[in-house]
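Examination of the molecular architecture
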Amino acid sequence: MTAAQITADLTDRIARNEQGYQVDDQLPSYQELASIYSTSVATASRVVRTLREAGLVVGVPGKGTYVARRN
């Protein structure tokens, strides 16, 4: 899958409030995302960066990436 396809899938999961992708849930690690979507860690990192820039997730240094609270 391309970064755009993975981003769209994760955005949809977050929007639907899917189990595991609800507010304050931790996203899988870059390595786990790469495995889940059969892609590279670099692509997974790019996807998470895009989600972060869109305000859908927040990174917590040393802890991971979490689904952001919506206002």
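Each remark here, short or long, concerns the structure printed above.
Residue numbers run consecutively from 1 along every chain, following the written order of its sequence. Under the rules for a predicted model, residues below a pLDDT of 70 receive no local features and side-chain atom pairs below 80 are neither given nor counted, while totals for whole chains, interfaces and linings still include all residues. Values shown for side chains rest on all heavy atoms present in the structure; no hydrogens or waters enter the calculation.

**Regarding the packing of helix α1 (residues 3-15) against helix α3 (residues 41-53)**
- To obtain an axis, a line is fitted to C-alpha atoms, over the contacting stretch when the element is a helix, and the angle between two such axes runs from 0 to 180 degrees between their N-to-C directions. The numbering of helices and of strands both runs from the N terminus, where a helix is a DSSP run of H or I of at least 4 residues and a strand a run of E of at least 2. With their axes 9 Å apart at the nearest point, α1 and α3 run at an angle of 50° to one another. Overall, the two elements α1 and α3 adopt an arrangement that is oblique. Note that α1 runs across α3; the crossing there is right-handed. The residues of α3 that touch α1, namely those facing Ala3, Ile6, Thr7, Leu10 and Thr11, are Thr43, Arg46, Val47, Thr50 and Leu51.
- Split by residue class, the contact of α1 with α3 holds 5 nonpolar, 4 polar and 1 charged. Angles below 35 degrees are treated as roughly parallel, those above 145 as roughly antiparallel, those between 65 and 115 as roughly perpendicular, and all remaining angles as oblique. In this scheme, a crossing is called left-handed if the near helix is turned counterclockwise away from the far one by less than a right angle; it is called right-handed if the turn is clockwise. For this analysis, residues touch if any pair of their heavy atoms sits within 4.5 Å. Each residue is assigned to one class: nonpolar for Ala, Val, Leu, Ile, Met, Phe, Trp, Tyr, Cys and Pro, charged for Asp, Glu, Lys and Arg, and polar for all the others, Gly among them.

**Quick look at the pattern of salt bridges**
- When a carboxyl oxygen of Asp or Glu lies within 4 Å of a side-chain nitrogen of Lys or Arg, that pair is called a salt bridge. One pass over the full model with this rule turns up 5 salt bridges.
- With a shortest N-O distance of 2.9 Å, Arg13 and Asp9 are connected by a salt bridge. Taken together, the residues Arg13 and Asp9, both in helix α1 and 4 residues apart, mark about one turn of the helix.
- Residue classification places Arg13 among the partly exposed residues on the basis of a relative accessible area of 23%.
- Between Asp12 and Arg16 there is a salt bridge, with its nearest N and O atoms 2.9 Å apart.
- Given the relative accessible area of 36%, Asp12 is considered partly exposed. The buried label applies to any residue whose accessible area, calculated with a 1.4 Å probe on protein chains only, is under 20% of its type's maximum; exposed applies above 50%, and partly exposed to all values in between.

**With respect to α1**
- Spanning 13 residues, α1 covers 18 Å between terminal C-alpha atoms, matching the ideal 18 Å at 1.5 Å per step.
- When α1 is considered as a whole, its buried residues turn out to be Ala3, Ile6, Thr7, Leu10 and Ile14. Buried residues in α1, looked at end-on, bunch into an arc of 100°, giving them a common side. Exposed residues pointing more than 90 degrees away from the buried face of α1 are listed as Ala4 and Ala15.
- Packing partners of the buried residues in α1 comprise α2 (30-36), α3, β1 (57-60) and β2 (64-67).
- Of the residues trailing α1, Asn17 is marked for its positive phi of about 60°. The span expected for a helix works out to 1.5 Å for each residue beyond the first. Think of the arc as the fan of directions from the helix axis to the C-beta atoms.

Purely spatial values, then, with no claim about function.
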